[in-house]
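Here are the chains, one letter per residue:
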Amino acid sequence: MAGSPQQLTLLGATGSIGTQTLAVLALHPARYRVYALTAGSQWQALAAQCETWQPRYAVLADAQAALSLRNHLQALGSQTEVLAGEAALAQVAAADEVDTVVAAIVGAAGVRPTLAAVRAGKRVLLANKEALVVTGQLFMDAVTASGASLLPVDSEHNAIFQCLPACTPGQNARLAGVRKLLLTASGGPFRTFTAEQLATVTPEQAVRHPNWNMGPKISVDSATLMNKGLELIEACWLFSVPPSLIDVVVHPQSVLHSMVEYDDGSVLAQLGTPDMKTPIACALSWPERIDSGARRLDFTRLAGLDFEAPDETRFPCLRLAREAMQAGGTATAVLNAANEVAVAAFLDRRLDFPGIPVVVAETLARVAAPACTDVDAVMAVDAAARRVATAQLAART
Ligand code: NAD
Ligand code: MG
């Protein structure tokens, strides 16, 4: 590629998506430069990345961790400047020097930094689905207003993006002749478990996903099918479709990453090995194509591709997410906040696995979810939902 290298900020650099993004960047040193790397509190992991990538800035949400990183890098004579706090995350996401922002913070913690990148009109590679689930219309309006290029990294949405006519989300005019979006789901590690078995599953079992190696929160979401629920909401916003136009299909092998069905009966799909480096590389280089380093798909070695309907009785989170999207307003922010509280409690052994959808459903029933036109109001709803969900955890023990 001719021209100067693209300058990148990686929000959530130390996570599963962040490290896989750096693995793709390492294959293309002439094409990309790292401007800023950020993390929540894992300063040692960020320190190692700073030594390799020598970014202009390293940002930690946690001030104490930032102090440790600053001392560490100073002792090494590093040129990287260390900043702390949410405002600094937004600052490095919106900086003039930056072309591309990889939004890979987990949860609603990514809302403000990701929105800062969108508002600054960046090329935004969206992995942090919760940011879109929480802010919805507000997020897409900001994309339109700033002219940001929004590129989906989530493998299913990246697949749908590739199966639609070329134009990025927020630009519309992509849906002529589209009858359905078919979102595939692996079914997670408990796909074949009975309700009795689900009652006693442990966090260790839940984070051991059969096909993907992901952060703990999304791994639990995959096990409850809340991940697919969040993705259904994400797809509604990205591709401007109502929930009724989206079908979820369980496909345990995770080789086919989602599909688009057209009016004439054509179904387009995107396939590949289950490796996030493929959608990351696609989003990084779109509309060009670059090597991702992912293992190639060998059709002669595929044992088969299976498909089945999701079971919303054993996995009610998918239904709860669809209903929240249909309810509108900030119901999806309430759903997301309650889920974050419930998943953290499950990982901490304070809540059993079947308790996750119970806490989410109860919170949705109790918290008012008005439509909000500014992010502070949305985050106030998020905070109210967290309080109600947390109170239910106390009531259950
Ligand atoms: P992870 O837990 O591995 O990493 C999360 C990153 O966010 C880390 O760098 C962490 O330091 C940072 N972080 C956490 N809390 C923070 C806070 N309060 N402020 C600032 N930074 C904070 O998560 P992941 O699996 O990489 O997922 C990241 C996002 O990508 C999630 O929204 C997830 O749904 C989405 N996603 C992940 C995958 C995957 O394969 N891992 C696939 C599709 C989508
Ligand atoms: Mg996904």
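What you are looking at is a predicted structure, and each value in this text was computed from that prediction instead of being measured.

**Considerations on the overall build of the protein chain**
Counting its secondary structure elements, the protein chain contains 17 helices and 11 strands. For 397 residues, the compact-globule estimate of 2.2 N^0.38 gives 21 Å, and the C-alpha radius of gyration of the protein chain, at 20 Å, lies within 12% of that figure. The proportion of buried residues among the 397 residues of the protein chain is 55%. Long-range contacts, defined here as pairs at least 24 residues apart, represent 68% of the contacts in the protein chain between residues at least 6 apart. Of the accessible surface of the protein chain, which amounts to about 16,000 Å², a share of 53% is contributed by carbon and sulfur atoms. When the 30 positive and 36 negative side-chain charges of the protein chain are each reduced to one mean point, those points stand 2 Å apart.

**Thoughts on the site of ligand 1**
As a structural note, the neighbourhood of ligand 1 is formed by 24 residues, with Thr14, Ser16, Gly40, Gln42 and Glu130 the closest of them. Between Gly40 and ligand 1, the recorded distance is 2.8 Å, taken from a backbone N or O atom to an oxygen atom. Among the elements of the structure, helix H1 (16–25) and helix H6 (129–135) are those that each provide at least two residues to the shell around ligand 1. The class makeup of the residues in the shell around ligand 1 is 13 nonpolar, 8 polar and 3 charged.

**Quick notes on a nonpolar patch on the surface**
Judged by side-chain polarity, Leu271, Phe299, Leu305 and Phe307 come together as a nonpolar surface patch covering roughly 360 Å² of accessible area. Mapped onto the elements of the fold, Leu271 is located in strand S11 (residues 267–271).

**Focus: helix H15 (residues 331–347)**
Taking 1.5 Å of rise per residue, 17 residues should cover 24 Å, and H15 covers 24 Å from first to last C-alpha, within 8% of that figure. With 15 of 17 residues buried, H15 lies mostly within the body of the structure.

**Things to note about the coordination of the magnesium ion (ligand 2)**
Donor atoms from the polypeptide that coordinate the magnesium ion (ligand 2) comprise Asp154 (OD), Glu156 (OE) and Glu231 (OE), at 2.1 to 2.2 Å from the metal. Donor residues for the magnesium ion (ligand 2) sit on one chain with the sequence pattern D-x1-E-x74-E. Overall, the relative accessible area of 7% leaves Asp154 in the buried class.

**Some words on the packing of aromatic side chains**
In this structure the tally under the stated criterion is 5 aromatic pairs. An aromatic cluster is defined as three or more aromatic residues linked by ring pairs; in this entry it consists of Phe190, Phe193, Phe346 and Phe353. The side chain of Arg56 reaches across the aromatic face of Tyr57, ending 4.6 Å from its centre.

**Topic: the side chain of Gln49**
Along the chain, Gln49 falls in helix H2 (residues 43–53). Among the polar contacts made by the side chain of Gln49, one reaches the main-chain carbonyl oxygen of Ala13 at a distance of 3.0 Å. Excluding anything up to four places from it in sequence, Gln49 contacts Ala13, Thr14, Thr19, Leu22, Leu37 and Gln54.

Cut-offs used in this document
Residues numbered from 1 in each chain as written. Chains lettered and ligands numbered in written order. Predicted model: local features only at pLDDT ≥ 70, side-chain atom pairs only at ≥ 80, totals over all residues. Heavy atoms only, no water. Helix = DSSP H or I, 4+ residues; strand = E, 2+ residues; numbered from the N terminus. Rg over C-alpha atoms; globule rule 2.2 N^0.38 Å. Buried < 20%, exposed > 50% of the residue type's maximum accessible area, 1.4 Å probe, protein only. Contact = heavy atoms within 4.5 Å. Areas by Shrake-Rupley, 256 points an atom, 1.4 Å probe, with all protein chains shown as cover. Lys, Arg positive; Asp, Glu negative; His and termini not counted. Charge placed at Lys NZ, Arg CZ, Asp CG, Glu CD. Near = heavy atom within 4 Å. Polar contact = N/O pair within 3.5 Å; in protein donor to acceptor, adjacent residues only side chain to side chain. Nonpolar A, V, L, I, M, F, W, Y, C, P; charged D, E, K, R; others polar. Patch = residues over 30% accessible without salt bridge, like charges linked within 9 Å, V, L, I, M, F, W, Y side chains within 5 Å. Salt bridge = Lys/Arg side-chain N within 4 Å of Asp/Glu carboxyl O. Expected span 1.5 Å × (residues − 1). Donors = N, O, S within 2.8 Å, 3.2 Å for Na, K, Ca; no water. Phe/Tyr/Trp six-rings, centres within 6.5 Å; stacked < 30°, edge-to-face > 60°. Lys NZ or Arg CZ within 6 Å of the ring centre and 35° of its normal.

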